[in-house]
Amino acid sequence: MAGEPVNVNEFEELARKVLPKIYYDFFSGGAEDQYTLKENIEAFRRITIRPRILVDVSKIDMSTIILGHRTSAPIIVAPTSSHQLAHPEGEVATARGAAACNVIMGVAFTSTCTMEEVASSCKAVRFIQTFAFKREITANMVQRAERNGFRAIILTADTPRLGRKEADIKNKMIAPPFKNFEGLISTEAVSDKGSNVEAYAAETLDPSFCWKDIAWLKSITKLPILIKGVLTGEDATKAIEAGVAGIIVSNHGARQLDYTPATISVLEEVVHAVQGKVPVLFDGGIRRGTDIFKALALGAKAVLIGRPVIYGLAAKGETGVKQVIDMLKNELEQTMALAGCCTVDDITRSHVNTETERFLCRM
Ligand SMILES: Cc1cc2nc3c(=O)[nH]c(=O)nc-3n(C[C@H](O)[C@H](O)[C@H](O)COP(=O)(O)O)c2cc1C
Ligand SMILES: CCCCC(=O)C(=O)O
(Lines give C-alpha, C1' and ligand atoms only; values in the text may rest on other atoms or scores of the structure.)
(Ligands and ions follow the chains in the order given, each with its own letter.)
Protein backbone atom coordinates (compact mmCIF):
# COMPACT_ATOMS: atom_id res chain seq x y z
CA MET A 1 0.00 0.00 0.00
CA ALA A 2 1.45 3.38 -1.03
CA GLY A 3 0.68 6.65 0.80
CA GLU A 4 -1.79 7.33 3.59
CA PRO A 5 -4.49 4.77 4.38
CA VAL A 6 -7.83 5.69 2.84
CA ASN A 7 -9.96 3.13 4.62
CA VAL A 8 -10.04 0.95 7.71
CA ASN A 9 -8.74 -2.12 5.89
CA GLU A 10 -5.63 -0.20 4.92
CA PHE A 11 -5.12 0.68 8.58
CA GLU A 12 -5.15 -3.04 9.29
CA GLU A 13 -2.33 -3.46 6.76
CA LEU A 14 -0.32 -0.72 8.48
CA ALA A 15 -0.88 -2.35 11.86
CA ARG A 16 0.20 -5.72 10.51
CA LYS A 17 3.48 -4.14 9.39
CA VAL A 18 4.30 -2.40 12.66
CA LEU A 19 3.16 -5.03 15.16
CA PRO A 20 5.16 -8.10 16.18
CA LYS A 21 3.39 -11.13 14.66
CA ILE A 22 2.37 -12.49 18.07
CA TYR A 23 0.47 -9.29 18.88
CA TYR A 24 -1.06 -8.89 15.44
CA ASP A 25 -2.32 -12.47 15.74
CA PHE A 26 -3.74 -11.71 19.20
CA PHE A 27 -5.63 -8.63 18.03
CA SER A 28 -6.87 -9.95 14.70
CA GLY A 29 -7.61 -13.56 15.60
CA GLY A 30 -10.81 -15.41 16.42
CA ALA A 31 -11.75 -18.68 18.08
CA GLU A 32 -10.94 -22.13 16.63
CA ASP A 33 -11.86 -22.45 12.91
CA GLN A 34 -12.55 -18.71 12.74
CA TYR A 35 -15.79 -19.41 10.87
CA THR A 36 -17.59 -16.67 12.78
CA LEU A 37 -14.66 -14.28 12.31
CA LYS A 38 -15.10 -14.45 8.53
CA GLU A 39 -18.88 -14.46 8.70
CA ASN A 40 -19.03 -11.26 10.78
CA ILE A 41 -17.55 -9.48 7.75
CA GLU A 42 -19.06 -11.53 4.93
CA ALA A 43 -22.65 -11.24 6.18
CA PHE A 44 -22.48 -7.46 5.71
CA ARG A 45 -21.63 -7.98 2.04
CA ARG A 46 -24.88 -9.91 1.56
CA ILE A 47 -27.00 -6.94 2.65
CA THR A 48 -27.69 -4.27 0.06
CA ILE A 49 -28.88 -0.71 0.45
CA ARG A 50 -32.14 0.69 -0.96
CA PRO A 51 -31.35 4.38 -1.48
CA ARG A 52 -33.95 7.13 -2.01
CA ILE A 53 -33.17 9.83 -4.51
CA LEU A 54 -34.03 13.50 -4.75
CA VAL A 55 -34.08 14.08 -1.01
CA ASP A 56 -32.66 17.40 0.26
CA VAL A 57 -29.39 16.15 1.75
CA SER A 58 -27.64 19.49 1.98
CA LYS A 59 -27.37 19.02 5.77
CA ILE A 60 -26.54 15.66 7.33
CA ASP A 61 -26.70 15.25 11.12
CA MET A 62 -25.20 12.00 12.43
CA SER A 63 -25.51 12.88 16.11
CA THR A 64 -27.49 10.69 18.46
CA ILE A 65 -28.23 10.19 22.17
CA ILE A 66 -27.02 7.03 23.91
CA LEU A 67 -28.18 6.47 27.53
CA GLY A 68 -28.71 10.22 27.75
CA HIS A 69 -25.32 11.19 26.30
CA ARG A 70 -25.24 13.12 23.05
CA THR A 71 -22.48 11.93 20.74
CA SER A 72 -21.35 13.11 17.33
CA ALA A 73 -22.23 9.81 15.64
CA PRO A 74 -23.74 6.42 16.51
CA ILE A 75 -20.26 5.02 17.14
CA ILE A 76 -18.76 3.73 20.41
CA VAL A 77 -15.23 2.46 20.94
CA ALA A 78 -15.67 -1.21 21.87
CA PRO A 79 -13.98 -2.33 25.07
CA THR A 80 -10.90 -4.30 24.07
CA SER A 81 -8.02 -5.37 26.27
CA SER A 82 -4.25 -4.86 26.17
CA HIS A 83 -3.84 -1.60 24.23
CA GLN A 84 -0.24 -1.14 25.36
CA LEU A 85 0.63 -4.14 23.20
CA ALA A 86 -0.44 -1.97 20.27
CA HIS A 87 1.09 1.33 21.42
CA PRO A 88 3.03 2.41 24.54
CA GLU A 89 0.39 4.99 25.49
CA GLY A 90 -2.29 2.29 25.49
CA GLU A 91 -5.87 3.04 26.47
CA VAL A 92 -5.02 6.64 27.38
CA ALA A 93 -4.25 7.34 23.71
CA THR A 94 -7.36 5.48 22.58
CA ALA A 95 -9.58 7.43 24.97
CA ARG A 96 -8.10 10.72 23.82
CA GLY A 97 -8.76 9.76 20.20
CA ALA A 98 -12.37 8.95 21.11
CA ALA A 99 -12.72 12.25 22.99
CA ALA A 100 -11.38 14.18 20.00
CA CYS A 101 -14.14 12.63 17.87
CA ASN A 102 -16.82 13.12 20.54
CA VAL A 103 -17.75 9.46 20.70
CA ILE A 104 -18.18 7.24 23.76
CA MET A 105 -15.15 5.24 24.94
CA GLY A 106 -15.61 1.67 26.19
CA VAL A 107 -12.79 0.78 28.58
CA ALA A 108 -12.06 -2.88 29.29
CA PHE A 109 -11.29 -3.79 32.90
CA THR A 110 -8.52 -5.90 31.38
CA SER A 111 -6.88 -2.71 30.13
CA THR A 112 -3.17 -2.06 30.39
CA CYS A 113 -3.61 1.49 31.75
CA THR A 114 -5.68 1.70 34.94
CA MET A 115 -9.25 2.98 34.98
CA GLU A 116 -7.96 5.98 36.94
CA GLU A 117 -5.29 6.78 34.35
CA VAL A 118 -7.84 6.68 31.54
CA ALA A 119 -10.35 8.75 33.53
CA SER A 120 -7.89 11.51 34.33
CA SER A 121 -6.51 11.74 30.81
CA CYS A 122 -9.55 12.67 28.76
CA LYS A 123 -13.05 14.08 28.75
CA ALA A 124 -14.64 11.32 26.70
CA VAL A 125 -17.86 9.86 28.08
CA ARG A 126 -16.59 6.51 29.36
CA PHE A 127 -18.30 3.16 29.94
CA ILE A 128 -16.42 0.50 31.93
CA GLN A 129 -16.58 -3.12 30.73
CA THR A 130 -16.48 -6.00 33.15
CA PHE A 131 -16.80 -9.75 32.89
CA ALA A 132 -18.68 -12.00 35.29
CA PHE A 133 -15.72 -11.76 37.63
CA LYS A 134 -15.54 -13.12 41.13
CA ARG A 135 -17.61 -10.83 43.35
CA GLU A 136 -14.79 -9.06 45.16
CA ILE A 137 -13.30 -8.01 41.82
CA THR A 138 -16.67 -6.76 40.52
CA ALA A 139 -17.33 -4.83 43.72
CA ASN A 140 -13.93 -3.15 43.44
CA MET A 141 -14.57 -2.29 39.78
CA VAL A 142 -17.98 -0.76 40.58
CA GLN A 143 -16.61 1.49 43.34
CA ARG A 144 -13.78 2.72 41.15
CA ALA A 145 -16.05 3.24 38.14
CA GLU A 146 -18.43 5.40 40.16
CA ARG A 147 -15.60 7.35 41.79
CA ASN A 148 -13.94 8.02 38.43
CA GLY A 149 -16.94 9.25 36.50
CA PHE A 150 -17.69 6.23 34.31
CA ARG A 151 -21.27 6.51 33.07
CA ALA A 152 -22.31 2.90 32.56
CA ILE A 153 -21.22 -0.67 33.15
CA ILE A 154 -20.95 -3.05 30.23
CA LEU A 155 -21.35 -6.59 31.56
CA THR A 156 -19.84 -8.95 29.01
CA ALA A 157 -21.86 -12.10 29.52
CA ASP A 158 -20.45 -14.38 26.82
CA THR A 159 -17.31 -15.28 28.73
CA PRO A 160 -17.85 -17.78 31.56
CA ARG A 161 -14.48 -18.99 30.36
CA LEU A 162 -12.19 -17.75 27.62
CA GLY A 163 -12.59 -18.80 23.97
CA ARG A 164 -9.82 -20.83 22.35
CA LYS A 165 -7.75 -18.67 20.08
CA GLU A 166 -5.36 -21.16 18.61
CA ALA A 167 -2.86 -18.61 17.34
CA ASP A 168 -2.38 -17.37 20.91
CA ILE A 169 -1.90 -20.93 22.14
CA LYS A 170 0.68 -21.66 19.43
CA ASN A 171 2.45 -18.33 19.91
CA LYS A 172 2.48 -18.81 23.70
CA MET A 173 0.96 -15.37 23.95
CA ILE A 174 1.80 -13.70 27.25
CA ALA A 175 -0.81 -11.29 28.58
CA PRO A 176 0.52 -7.89 29.59
CA PRO A 177 0.06 -6.83 33.23
CA PHE A 178 -3.63 -5.96 33.66
CA LYS A 179 -3.05 -3.20 36.18
CA ASN A 180 -6.66 -2.93 37.35
CA PHE A 181 -6.21 -6.29 39.10
CA GLU A 182 -3.37 -5.04 41.31
CA GLY A 183 -4.08 -6.03 44.89
CA LEU A 184 -7.06 -8.15 43.80
CA ILE A 185 -5.44 -11.33 42.57
CA SER A 186 -2.51 -12.89 44.28
CA THR A 187 -0.20 -13.60 41.39
CA GLU A 188 0.38 -12.68 37.83
CA ALA A 189 -1.22 -15.61 36.08
CA VAL A 190 1.36 -17.94 34.69
CA SER A 191 1.04 -20.94 32.50
CA ASP A 192 3.60 -23.36 31.16
CA LYS A 193 1.43 -24.51 28.30
CA GLY A 194 0.06 -22.28 25.62
CA SER A 195 -1.20 -18.79 26.26
CA ASN A 196 -1.27 -17.36 29.79
CA VAL A 197 -4.30 -15.22 28.90
CA GLU A 198 -6.39 -18.28 29.71
CA ALA A 199 -4.71 -18.64 33.07
CA TYR A 200 -5.63 -15.04 33.89
CA ALA A 201 -9.24 -15.70 32.97
CA ALA A 202 -9.37 -18.85 35.06
CA GLU A 203 -8.16 -16.95 38.12
CA THR A 204 -10.59 -14.06 37.83
CA LEU A 205 -13.85 -15.27 36.22
CA ASP A 206 -16.85 -16.73 38.08
CA PRO A 207 -18.40 -19.32 35.74
CA SER A 208 -21.36 -19.77 38.11
CA PHE A 209 -22.60 -16.20 37.51
CA CYS A 210 -26.08 -16.32 35.94
CA TRP A 211 -29.20 -14.24 35.23
CA LYS A 212 -30.26 -13.95 38.88
CA ASP A 213 -26.87 -12.45 39.77
CA ILE A 214 -27.64 -9.34 37.74
CA ALA A 215 -29.91 -8.35 40.65
CA TRP A 216 -26.82 -8.44 42.88
CA LEU A 217 -24.86 -6.29 40.43
CA LYS A 218 -27.75 -3.83 40.31
CA SER A 219 -27.86 -3.76 44.11
CA ILE A 220 -24.26 -2.52 44.37
CA THR A 221 -24.37 0.24 41.74
CA LYS A 222 -26.48 3.11 40.52
CA LEU A 223 -24.88 2.99 37.08
CA PRO A 224 -26.92 1.67 34.16
CA ILE A 225 -25.95 -1.83 33.06
CA LEU A 226 -25.57 -2.83 29.43
CA ILE A 227 -25.40 -6.54 28.75
CA LYS A 228 -22.98 -7.55 26.01
CA GLY A 229 -23.03 -10.84 24.16
CA VAL A 230 -26.74 -11.31 23.41
CA LEU A 231 -27.34 -13.34 20.22
CA THR A 232 -30.91 -14.61 20.59
CA GLY A 233 -34.40 -13.24 21.15
CA GLU A 234 -34.72 -15.53 24.19
CA ASP A 235 -31.76 -13.97 25.96
CA ALA A 236 -32.89 -10.47 24.98
CA THR A 237 -36.19 -11.13 26.79
CA LYS A 238 -34.34 -12.41 29.87
CA ALA A 239 -32.08 -9.37 29.85
CA ILE A 240 -35.07 -7.05 29.90
CA GLU A 241 -36.66 -9.05 32.73
CA ALA A 242 -33.38 -8.69 34.61
CA GLY A 243 -33.69 -4.92 34.27
CA VAL A 244 -30.73 -3.99 32.11
CA ALA A 245 -30.56 -0.52 30.57
CA GLY A 246 -29.46 -1.75 27.17
CA ILE A 247 -28.42 -4.75 25.11
CA ILE A 248 -25.32 -5.22 23.00
CA VAL A 249 -25.68 -7.77 20.22
CA SER A 250 -22.17 -9.21 20.03
CA ASN A 251 -20.26 -12.44 19.56
CA HIS A 252 -17.15 -10.88 21.09
CA GLY A 253 -15.62 -10.23 17.70
CA ALA A 254 -15.77 -14.01 17.05
CA ARG A 255 -13.31 -14.67 19.88
CA GLN A 256 -15.55 -16.80 22.09
CA LEU A 257 -17.85 -19.49 20.64
CA ASP A 258 -17.05 -20.33 17.04
CA TYR A 259 -20.00 -21.10 14.72
CA THR A 260 -22.21 -18.51 16.30
CA PRO A 261 -23.90 -16.56 13.52
CA ALA A 262 -22.62 -13.29 12.17
CA THR A 263 -23.99 -10.66 14.53
CA ILE A 264 -25.63 -8.66 11.74
CA SER A 265 -27.73 -11.72 10.85
CA VAL A 266 -29.29 -11.93 14.36
CA LEU A 267 -29.68 -8.22 15.08
CA GLU A 268 -33.29 -8.11 13.90
CA GLU A 269 -34.31 -11.11 15.99
CA VAL A 270 -33.04 -9.31 19.09
CA VAL A 271 -34.60 -5.99 18.08
CA HIS A 272 -38.00 -7.69 17.68
CA ALA A 273 -37.77 -9.33 21.10
CA VAL A 274 -36.77 -6.04 22.75
CA GLN A 275 -39.78 -4.15 21.31
CA GLY A 276 -38.13 -0.79 21.86
CA LYS A 277 -37.98 -1.23 25.66
CA VAL A 278 -34.23 -0.53 25.84
CA PRO A 279 -31.66 0.54 23.24
CA VAL A 280 -30.05 -2.25 21.23
CA LEU A 281 -26.39 -1.68 20.37
CA PHE A 282 -24.41 -3.80 17.97
CA ASP A 283 -20.85 -4.95 17.28
CA GLY A 284 -18.89 -7.32 15.07
CA GLY A 285 -17.37 -6.76 11.66
CA ILE A 286 -17.98 -3.04 11.21
CA ARG A 287 -15.33 -1.88 8.73
CA ARG A 288 -17.25 0.67 6.60
CA GLY A 289 -19.75 3.48 7.00
CA THR A 290 -22.11 1.37 4.91
CA ASP A 291 -21.88 -1.35 7.61
CA ILE A 292 -22.95 1.18 10.25
CA PHE A 293 -25.83 2.28 8.02
CA LYS A 294 -26.97 -1.35 7.62
CA ALA A 295 -26.85 -2.00 11.38
CA LEU A 296 -28.89 1.14 12.05
CA ALA A 297 -31.42 0.14 9.38
CA LEU A 298 -31.84 -3.23 11.09
CA GLY A 299 -32.59 -1.54 14.40
CA ALA A 300 -29.31 -0.77 16.19
CA LYS A 301 -29.12 2.51 18.12
CA ALA A 302 -25.33 2.60 17.68
CA VAL A 303 -22.40 0.35 16.85
CA LEU A 304 -19.23 -0.52 18.71
CA ILE A 305 -15.94 -0.69 16.85
CA GLY A 306 -13.27 -3.12 18.08
CA ARG A 307 -10.32 -4.06 15.89
CA PRO A 308 -10.30 -1.01 13.59
CA VAL A 309 -9.61 1.22 16.59
CA ILE A 310 -6.76 -1.04 17.72
CA TYR A 311 -5.27 -0.96 14.22
CA GLY A 312 -5.41 2.84 14.23
CA LEU A 313 -3.74 2.86 17.64
CA ALA A 314 -1.01 0.47 16.53
CA ALA A 315 -0.29 2.42 13.35
CA LYS A 316 -0.32 5.97 14.69
CA GLY A 317 -1.30 6.15 18.38
CA GLU A 318 -3.96 8.68 19.36
CA THR A 319 -3.88 10.25 15.85
CA GLY A 320 -4.55 6.87 14.28
CA VAL A 321 -7.53 6.24 16.57
CA LYS A 322 -8.95 9.61 15.61
CA GLN A 323 -8.33 8.96 11.91
CA VAL A 324 -10.08 5.58 12.02
CA ILE A 325 -13.14 6.99 13.79
CA ASP A 326 -13.21 10.01 11.45
CA MET A 327 -12.99 7.72 8.42
CA LEU A 328 -15.99 5.71 9.60
CA LYS A 329 -17.90 8.90 10.39
CA ASN A 330 -17.13 10.36 6.96
CA GLU A 331 -18.18 7.14 5.26
CA LEU A 332 -21.43 7.05 7.24
CA GLU A 333 -22.13 10.66 6.32
CA GLN A 334 -21.49 9.88 2.65
CA THR A 335 -23.76 6.82 2.83
CA MET A 336 -26.57 8.79 4.47
CA ALA A 337 -26.35 11.52 1.82
CA LEU A 338 -26.36 9.07 -1.08
CA ALA A 339 -29.17 7.01 0.46
CA GLY A 340 -31.34 10.06 1.16
CA CYS A 341 -31.17 10.09 4.96
CA CYS A 342 -30.46 13.40 6.75
CA THR A 343 -30.54 12.11 10.34
CA VAL A 344 -29.97 8.73 11.95
CA ASP A 345 -33.70 8.51 12.63
CA ASP A 346 -34.33 8.73 8.88
CA ILE A 347 -32.53 5.39 8.42
CA THR A 348 -35.27 2.75 8.42
CA ARG A 349 -35.76 -0.94 7.80
CA SER A 350 -36.83 -0.16 4.25
CA HIS A 351 -33.36 1.19 3.46
CA VAL A 352 -31.83 -2.30 3.27
CA ASN A 353 -32.49 -5.65 1.70
CA THR A 354 -31.26 -8.75 3.48
CA GLU A 355 -30.45 -11.98 1.72
CA THR A 356 -33.85 -13.45 2.56
CA GLU A 357 -35.66 -10.53 0.97
CA ARG A 358 -33.55 -10.70 -2.16
CA PHE A 359 -34.32 -14.41 -2.38
CA LEU A 360 -38.06 -13.78 -1.96
CA CYS A 361 -37.94 -11.08 -4.67
CA ARG A 362 -36.69 -13.67 -7.14
CA MET A 363 -39.54 -16.08 -6.38
C1 LIG B 1 -8.03 -7.84 20.90
C2 LIG B 1 -9.43 -7.83 21.40
C3 LIG B 1 -9.64 -7.79 22.77
C4 LIG B 1 -10.96 -7.77 23.26
N5 LIG B 1 -11.13 -7.67 24.60
C6 LIG B 1 -12.39 -7.59 25.07
C7 LIG B 1 -12.62 -7.42 26.46
O8 LIG B 1 -11.69 -7.32 27.25
N9 LIG B 1 -13.91 -7.35 26.87
C10 LIG B 1 -14.97 -7.44 26.00
O11 LIG B 1 -16.12 -7.38 26.41
N12 LIG B 1 -14.78 -7.59 24.69
C13 LIG B 1 -13.52 -7.65 24.21
N14 LIG B 1 -13.34 -7.78 22.87
C15 LIG B 1 -14.51 -7.78 21.96
C16 LIG B 1 -14.92 -6.36 21.54
O17 LIG B 1 -15.48 -5.64 22.61
C18 LIG B 1 -15.96 -6.38 20.41
O19 LIG B 1 -17.05 -7.17 20.80
C20 LIG B 1 -15.42 -6.89 19.09
O21 LIG B 1 -14.06 -6.53 18.92
C22 LIG B 1 -16.26 -6.35 17.93
O23 LIG B 1 -15.83 -6.87 16.72
P24 LIG B 1 -14.85 -6.10 15.71
O25 LIG B 1 -13.46 -6.25 16.26
O26 LIG B 1 -15.05 -6.82 14.42
O27 LIG B 1 -15.29 -4.65 15.64
C28 LIG B 1 -12.04 -7.82 22.35
C29 LIG B 1 -11.81 -7.85 20.99
C30 LIG B 1 -10.53 -7.86 20.49
C31 LIG B 1 -10.32 -7.87 19.01
C1 LIG C 1 -8.45 -11.99 30.01
C2 LIG C 1 -8.46 -11.07 28.82
C3 LIG C 1 -9.72 -11.17 28.01
C4 LIG C 1 -9.61 -10.37 26.75
C5 LIG C 1 -10.69 -10.65 25.75
O6 LIG C 1 -11.85 -10.57 26.03
C7 LIG C 1 -10.32 -11.04 24.39
O8 LIG C 1 -9.12 -11.12 24.11
O9 LIG C 1 -11.23 -11.25 23.58
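Relevant structure appears above.
These figures come from a predicted structure and were not determined experimentally.

Asks: How should I be thinking about the packing of aromatic side chains in this particular structure?
Replies: In this description, a pair of aromatic rings is defined by centroid distance and the angle of the planes. Inspection of every chain in the model, using the stated rule, returns eleven aromatic pairs. Between Phe-178 and Phe-181 the ring centres are 6.4 Å apart and the planes differ by 65°, which places this aromatic pair in the edge-to-face class. Three or more aromatic residues link up through ring pairs in this structure, and these residues are Phe-109, Phe-131, Phe-133, Phe-178, Phe-181 and Tyr-200. Its end group placed over the ring of Trp-216, Arg-135 keeps NZ or CZ at 4.4 Å from the ring centre.

Asks: Got a minute to help me understand the site of ligand 2 in this structure?
Replies: Surrounding ligand 2, one finds Phe-26, Ser-81, Phe-131, Leu-162, Lys-165, Val-197, His-252 and Arg-255. One of the side-chain N or O atoms of Lys-165 is found 3.2 Å from an oxygen atom in ligand 2. Between Arg-255 and ligand 2, the recorded distance is 2.7 Å, taken from a side-chain N or O atom to an oxygen atom. Contact with the protein chains removes 92% of the 290 Å² of surface that ligand 2 exposes when unbound. Residues that form the shell around ligand 2 fall into these classes: four nonpolar, two polar and two charged.

Asks: Is there a simple way to explain the layout of surface pockets in this structure?
Replies: Where empty space is left can be seen by rolling a probe of water-molecule size over the atoms. In this structure, the second largest pocket occupies an estimated 380 Å³ of space. If you trace the second largest pocket, you find 20 residues lining it, with Ala-157, Asp-158, Phe-209, Trp-211 and Ile-227 closest to the centre. Going through the elements one at a time, β7 (152-156) and β8 (225-230) are the ones with two or more residues in the lining of the second largest pocket. Considering each element in turn, the lining of the second largest pocket owes the most residues, four residues, to β8. Counted by class, the lining of the second largest pocket contains twelve nonpolar, four polar and four charged residues.

Asks: Looking at this model, I keep getting lost on empty space enclosed by the protein. Mind explaining?
Replies: Applying the stated rule across the entire model yields one cavity of 30 Å³ or more. Quantified by volume, the largest cavity comes out at close to 30 Å³. As for the largest cavity, its lining consists of Leu-162, Gly-163, Lys-165, Asp-168, Ser-195, Val-197 and Glu-198. Its residues placed into classes, the lining of the largest cavity shows two nonpolar, two polar and three charged.

Asks: What should I look at first to understand the sheet that holds strand β6 (residues 126-131) in this one?
Replies: Across a sheet, paired strands are connected by hydrogen bonds in the backbone, their directions being either parallel or antiparallel. Overall, parallel pairing links the eight strands, which are arranged β4-β5-β6-β7-β8-β9-β10-β11 in a closed barrel. Each neighbouring strand pair of the sheet contributes to a mean axis angle of 30°, computed without reference to strand direction. Bridging between strand β10 (residues 280-283) and strand β11 (residues 302-305) involves three bridges; their strand directions are parallel. Following the sheet pairing, Leu-281 is matched in β11 by Ala-302. Contacts from helix α12 (residues 289-297) reach β4 (75-77), β10 and β11, with the element oriented near 140° to β11.

Asks: Explain the site of ligand 1 to me, please; I cannot follow it from the model alone.
Replies: Near ligand 1 you find 23 residues, and of these Pro-79, Thr-156, Asp-283, Gly-285 and Gly-306 are the closest. In this structure, an oxygen atom belonging to ligand 1 sits 2.6 Å away from a side-chain N or O atom of Thr-156. Protein chains bury 98% of the 600 Å² of accessible surface belonging to ligand 1 in isolation. Listed by contribution, the elements that provide at least two residues to the shell around ligand 1 are β6 and α13 (307-339).

Scoring rules and cut-offs
- Residues numbered from 1 in each chain as written.
- Chains lettered and ligands numbered in written order.
- Predicted model: local features only at pLDDT ≥ 70, side-chain atom pairs only at ≥ 80, totals over all residues.
- Heavy atoms only, no water.
- Phe/Tyr/Trp six-rings, centres within 6.5 Å; stacked < 30°, edge-to-face > 60°.
- Lys NZ or Arg CZ within 6 Å of the ring centre and 35° of its normal.
- Near = heavy atom within 4 Å.
- Polar contact = N/O pair within 3.5 Å; in protein donor to acceptor, adjacent residues only side chain to side chain.
- Areas by Shrake-Rupley, 256 points an atom, 1.4 Å probe, with all protein chains shown as cover.
- Nonpolar A, V, L, I, M, F, W, Y, C, P; charged D, E, K, R; others polar.
- 1 Å grid on protein atoms, 1.4 Å probe; cavity = no way out; pocket = protein on both sides within 12 Å on 5 of 7 lines; lining within 4 Å.
- Points joined across faces, edges and corners; volume = space filled by probe spheres on them.
- Helix = DSSP H or I, 4+ residues; strand = E, 2+ residues; numbered from the N terminus.
- Pairing = 2+ DSSP bridges.
- Axes fitted to C-alpha atoms, helices over the stretch in contact; angles between N-to-C directions.
- Contact = heavy atoms within 4.5 Å.

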